[in-house]
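Fold and geometry: a report
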Amino acid sequence: MAKKVKKPEKEPKPSKVSGIVNFFKSNQFRYTLGFFLSVFSGYLAVAFVSYIISGKVDQSKLDLPWQEFLFDPSVEVQNIAGKGGAYLSEQFINLGFGFPSFFFILIFFVAALNLFGYKEIRFLKTLLFSFLWMIWSSVALALALAATAGDQFLYVGGMYGFILSSLLSSLLGGFGATLILMFLLFVLLIVTFKQFIPWLTAVFTKKDKNPSVTDDLTTEPLPEMGAAAPLQEIIDPAISKIITEDDRIHAIFDPDSKDEGLDDDFEVENTVTKKDVELSIEDMLFADTPVKEEPKIKESKIKEPELLIENKAIHDDLDETEMAPMADYDPTLDLSSYKYPTIDLLDDHASGNAEVSNEELISNKNKIVETLRHYKIEITKIRATIGPTITLYEIVPAPGIRIAKIKNLEDDIALSLSALGIRIIAPIPGRGTIGIEVPNQKPEIVSMRSIIASKKFQESTAELPIALGKTISNETFMVDLAKMPHILVAGATGQGKSVGLNAIITSLLYKKHPSQLKFVLVDPKKVELNLYSSLEKHFLAKMPDEEDAIITDIQKVKNTLNSVNIEMDSRYDLLKKAHVRNIIEYNTKFIGRRLNPEKGHRYLPYIVVVVDEFADLIMTAGKEVELPIARIAQLARAVGIHMIIATQRPSINIITGVIKANFPTRIAFKVASMIDSRTILDTPGANQLIGKGDMLVSTGSTMTRVQCAFVDTPEVERICEFVADQRGYATAFLLPDYVGEGDNGAVEADLTNRDEMFDDAARLIVANQVGSTSMIQRKFSIGYNRAGRLMDQLEAAGIVGPSEGSKARQVLIQDEYSLEQLLNGLK
């Protein structure tokens, strides 16, 4: 019987898991990952630097949801690394560790070198010490620059630095936090640099002998770098630092090393023994400047004062010959020491007990569902969004339910909830749900302090940022007045209208320099805006020879509004000469010294006209006030003049069609009736608000419910005192002089001393059959006062009739032949 030949056993196939593990251990993976990390570190470096330079421009776009920011083709950024680089920079710098985030680039690059097999730098120690230094420097920068954080578009210490520095400051105070940071710095220096202790020893024990730097350098030359030399230390008493001669230390983390006989911290190669290795990689990464460069530094410091004096002399000579290139014009230079109001001038009005309990949420949800079921309306989903004063319940009705049926149940739901009043949004735009806004049982006061301190306000790059309050989702609600461009504020008495005006003005005071913004304040009640009278030499504008910067007299209001019209026309003339379209382009050219002040060009600050009690002005002056306001609203946006008018009487004879057409942004506080709400917003809703700062903000196509930020009178007084105590301008900002046409009627014109433009003006008036002072001013490019005198002389000559208020004068001469006979008779 033949023997059975035993078949050789087949080698087991490697499992999939072991194959994956071997792949990650392979050189292909290591080199691929290393190359990726090296490229990524370079990409991050470019993105970070570009973000610091152009991040201010991209900041408003970075506030968008990340999906919209990254994948919306219409969103464009200035960052060289694109939207990905801008987003990563925002996450690493602003929302991370600030400027110290550059340590991440070092970490990724060292990791790439290790994967390529470079054995000179240890990755683990680089990672550890980079994180330690990054955290320390982030906290130190945030603490040191906390006072100037509001002026920057980014946090140099990052969000983590801000949080940790705030915690340290609250626990230990500013002085204690500084001491802790100094102590940690000392510990880090000891741990990171092994030569730090010998350096300190050399500093404190050095002899009185202080040879010159030049002698030391010539007598102690460095050895040639050939074979491995023993580690030596040269103590230079003049420079007071230790310089190591051996720069060929090989100490690197090797993931493939199997040598267990040595300490884990080191791997020794070739001629360098473990005994020779005394320096850590951090000594190499953060090594002091080589000794041979020190004389250059000291020499430049010695010669620096002479160089400055020489440059100053050259600069003076060039100024005299007007050949020197001039720096950009700085409009803030006249008040360069001006300090913006600080956050501690505002109070924190948070009550602390304004949270909506789960019991309240569940109870309201059950009552809403039960009420809807009474009317055979089933819902498939309900969720709540808690705001400071309002909770929004979003419901998804079952298929087949008509929205109008739910809309008609406002009163029934309000009755079941025992609420002050609810508002149903059917449907919520862009969400596909129906919203039911229910007042909270314990509403929260939104402090102006919390709004001003918010990151959204502090980092805003808007030209005229206005922080109004918080939305239902507890987000800071902000608008840019420069884009609005005018605001109509209306609401019943005592519902928060005056507080809203104070919030608007306060926002601008916290963001703008006196050279950049001026207010024209109109207050017929004489008490609402009088708080700001102390800002006359900083932020207020008025007509020449006016005593008070706060305008309260009706006649002065008319003159001031017409004066603003003249300023508007004058600015348009400047824009035309400068070949620009708006105030931003004009001021950019002027700051760049591309416009000649000798030709009438000047820096143009923004002008915000605030009119309180607009109803009283309309009742008293009528068209004489409405028409200049309408003209400003129609034309003044491009030249940086914006209007905010407020009224407590939202009736159609006050808020006319002309006003509504030119004020697309409207803020409605609580009103008494649906008719008043439609007058303000063109839609109901303001009659369902709960008062006390609850408001609806309409920006044309969108309507947002906002809880207005509360700023009390003592807070406004403190802000005004803070600004008024600083050095201001000699006078308020002077508007063009204006004399009403009605005031000129009683003045006798001297026809023997007629204006040189008298004949031309007479021909213009007769040819157009319109007796208008403003037409003379525009056609001949002259001031309003001169045009007014011309009109007086034309009246005295019998060419035009007397003034008829805001209407054009009647032209008494019907044809040019009769005019020429009259003019010949006057000669």
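Each value, and the rule that gives it
- Residues numbered from 1 in each chain as written.
- Predicted model: local features only at pLDDT ≥ 70, side-chain atom pairs only at ≥ 80, totals over all residues.
- Heavy atoms only, no water.
- Helix = DSSP H or I, 4+ residues; strand = E, 2+ residues; numbered from the N terminus.
- Buried < 20%, exposed > 50% of the residue type's maximum accessible area, 1.4 Å probe, protein only.
- Contact = heavy atoms within 4.5 Å.
- Areas by Shrake-Rupley, 256 points an atom, 1.4 Å probe, with all protein chains shown as cover.
- Patch = residues over 30% accessible without salt bridge, like charges linked within 9 Å, V, L, I, M, F, W, Y side chains within 5 Å.
- Salt bridge = Lys/Arg side-chain N within 4 Å of Asp/Glu carboxyl O.
- Axes fitted to C-alpha atoms, helices over the stretch in contact; angles between N-to-C directions.
- Parallel < 35°, antiparallel > 145°, perpendicular 65-115°, else oblique.
- Pairing = 2+ DSSP bridges.
- Left-handed = near helix turned anticlockwise from the far one by under 90°.
- Polar contact = N/O pair within 3.5 Å; in protein donor to acceptor, adjacent residues only side chain to side chain.

**Here we look at the overall build of the protein chain**
- Check the secondary structure of the protein chain and you find 29 helices and 18 strands.
- Counting the 827 residues in the protein chain, one finds 44% classified as buried.
- Residue pairs at least 24 apart in sequence account for 68% of intrachain contacts in the protein chain once pairs closer than 6 positions are excluded.
- For the protein chain, the exposed area adds up to about 44000 Å²; of that, 57% sits on carbon and sulfur atoms.

**Thoughts on a nonpolar patch on the surface**
- A cluster of nonpolar side chains, Leu167, Leu171, Leu172, Ile180, Phe183, Leu184, Phe186, Val187, Ile190, Val191 and Ile197, forms an exposed patch at the surface whose accessible area comes to about 950 Å².
- With 10 residues, helix H7 (residues 158-192) is the single largest residue contributor to the nonpolar patch.
- For Ile197, the position within the fold is in helix H8 (residues 196-205).
- According to the relative accessible area criterion, Ile197 is partly exposed, its value standing at 41%.

**Here's the deal with the side chain of Asn587**
- With respect to the helices and strands, the residue Asn587 is situated in helix H19 (residues 583-591).
- Excluding residues within four positions of it along the chain, Asn587 makes contact with Tyr603 and Leu604.

**Thoughts on unusual backbone geometry**
- Of the consecutive residues Ala426 and Pro427, the connecting peptide bond is found in the cis state with omega at -10°.
- If you trace the backbone, Pro427 turns up in the loop between strand E5 (423-425) and strand E6 (434-439).
- Even without glycine at this site, Gln769 takes up a positive phi of about 55°.
- Tracing the chain through its elements places Gln769 in the loop between helix H26 (758-768) and helix H27 (773-780).
- Its identity is not glycine, yet Ser781 carries a phi of approximately 55°, on the positive side.
- Its place among the elements puts Ser781 in the loop between H27 and helix H28 (784-796).

**So, the packing of helix H18 (residues 554-578) against helix H20 (residues 614-621)**
- Direction vectors running N to C along H18 and H20 enclose 100°, while the axes themselves pass 11 Å from each other. When the axis of H18 is compared with that of H20, the two are roughly perpendicular. Across the interface between the two elements, Ile554, Val557 and Lys558 from H18 touch Asp616, Leu617, Thr620 and Ala621 from H20.

**Digging into the sheet that holds strand E3 (residues 379-386)**
- In spatial order, the strands read E3-E4-E6-E5; together these four strands make up an open sheet with antiparallel pairing. Taken across any chain shown, the strands that pair with only one partner, and hence form the sheet edges, are E3 and E5. Averaged over neighbouring strand pairs, the angle between their axes works out to 20° when direction is ignored.
- Inspection of the sheet shows E5 paired to E6 by three bridges, in the antiparallel sense. Within E6, the residue paired with Arg423 across the bridge is Glu437.

**So, the packing of H27 against H28**
- As a packed pair, H27 and H28 sit with axes 9 Å apart at the nearest point and diverge in direction by 120°. Considering their axes alone, H27 and H28 lie oblique with respect to each other. Two packed elements cross with a definite hand, and for H27 against H28 that hand is right-handed. Counted together, Thr773, Ile776 and Gln777 of H27 and Tyr784, Ala787, Gly788, Leu790, Met791 and Leu794 of H28 form the full contact between these two elements.

**Notes on the environment of Asp480**
- Looking at where Asp480 falls in the secondary structure, it is placed in strand E8 (residues 476-480).
- Between the C-alpha atoms of Asp480 and Ala462, which are 18 residues apart in sequence, the distance is 5.8 Å.
- Once you skip the residues sitting within four places of it in the chain, Asp480 turns out to touch Ala462, Glu463, Leu464 and Pro465.
- At 3.1 Å, the side chain of Asp480 forms a polar contact with the backbone nitrogen of Ala482.

Just distances and angles here, no functional claims.
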